[in-house]
Amino acid sequence: MNTNDNQAGQAVVPANTTAKEGDVAAGTKKEGWFYTDVVKEHFFSPKNFLDQESSADHPYKGMVGSPACGDAMKVWLKIEKDADGIDRITDFKWKTFGCASAIASTSMLSVMVTENGGLAVDDALKLRPQDIMMRLGGLPARKVHCSVLGDKALRAAINDYFRKSGQVEKIIIEQGRMIDKVLKITDHDIEEAVLEGADTLEKLQQKTKVGTGDPSCIPEVEQLLRFYKDKYFG
Ligand code: FES
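Residues numbered from 1 in each chain as written. Predicted model: local features only at pLDDT ≥ 70, side-chain atom pairs only at ≥ 80, totals over all residues.

Participant: Before we go on, may I ask you to explain the confidence of the model for the protein chain in this structure?
Facilitator: Caution applies to low-pLDDT parts of the model: their predicted coordinates are not meant to be read in detail. Confidence along the protein chain averages 83 in pLDDT terms, with 86% of residues attaining 70 or more. Counted against residues more than four places away or in other chains, residues 1-30, with its pLDDT under 50, gives 56 contacts. (pLDDT = per-residue confidence, 0-100. Contact = placed C-beta atoms within 7 Å.)

Take a look at the structure:
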């Protein structure tokens, strides 16, 4: 057992872990290439990694790909009712074609979801990529989209649970909303561009050309830019 694991094999995040200069601590945004000790711990010793093709013990599955880099993530969940009848995520397995940041952030996410008897499904839906980054002590800005991968796969697996347990009214499908009707750019395209580092309208337009054919959408684009910057970078 790794010295940073507890008896349940879950990661213990050192209380004194702090981001080094150049890291992106949640709530700040600095460019850098450094990884915190917590990120390295979860990358070199990933928790809850599924070392087989699939698992019959974990019936609820979610798979997503990253538009930002083309990598993929699969998540398998076990969900059980507790003594009070609350649906809790009691196990979270995963595997990925993603990078070190995707491995570390999904490993941490798997710990956060299953610790203390497992999160209630409704509470797991409230988790944000920022919460994962907070526990990791930050990620380099260009790697924030990697932490979104595990979060989206978790939501897809919870949708699978809702579907298989007859709670279809709870399924949340994130549909793209057309923002620039001339260039056919959706709010998801803007979200991905922000995750890839576009933090000003100018950078957003360099990446997507949004608003260059239909300037009337610019106020809404600026609103989305503020929304996604706040959502992912605080
Ligand atoms: S998951 Fe693709 S670069 Fe991190």
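Next, the rest of the story.
Participant: Help me understand the nonpolar core, please; the structure alone is not making it clear to me.
Facilitator: Ranked by internal contacts, the top residues of the largest apolar core, which has 53 residues, are Val75, Leu77, Ala157 and Ile190. The element that contributes the greatest number of residues to this core is helix 5 (residues 144-164), accounting for ten residues. Residues lining this core come from more than one domain, with at least three contributed by each of domain 1 (37-170) and domain 2 (178-233). Ignoring any residue separated from it by four or fewer positions in sequence, one finds Val75 in contact with Lys61, Gly62, Phe92, Trp94, Gly150, Ala153, Leu154 and Ala157. (Core = buried A, V, L, I, M, F, W, Y, C linked by C-beta atoms within 7 Å. Buried ≥ 20, exposed ≤ 12 C-beta atoms within 10 Å, placed from the backbone. Helix = DSSP H or I, 4+ residues; strand = E, 2+ residues; numbered from the N terminus. Domains from an automatic or database assignment.)

Participant: How do you make sense of the environment of Leu201 when you look at a structure like this?
Facilitator: Locating Leu201 in the fold gives a position in helix 7 (residues 201-208). Residue class for Leu201 comes out partly exposed when judged on the 14 C-beta atoms lying within 10 Å of it. Along the primary structure Leu201 and Val221 are separated by 20 residues, whereas in three dimensions their C-alpha atoms are 7.9 Å apart. Not counting the four nearest positions on each side in its chain, Leu201 is found in contact with Val221, Glu222 and Leu225.

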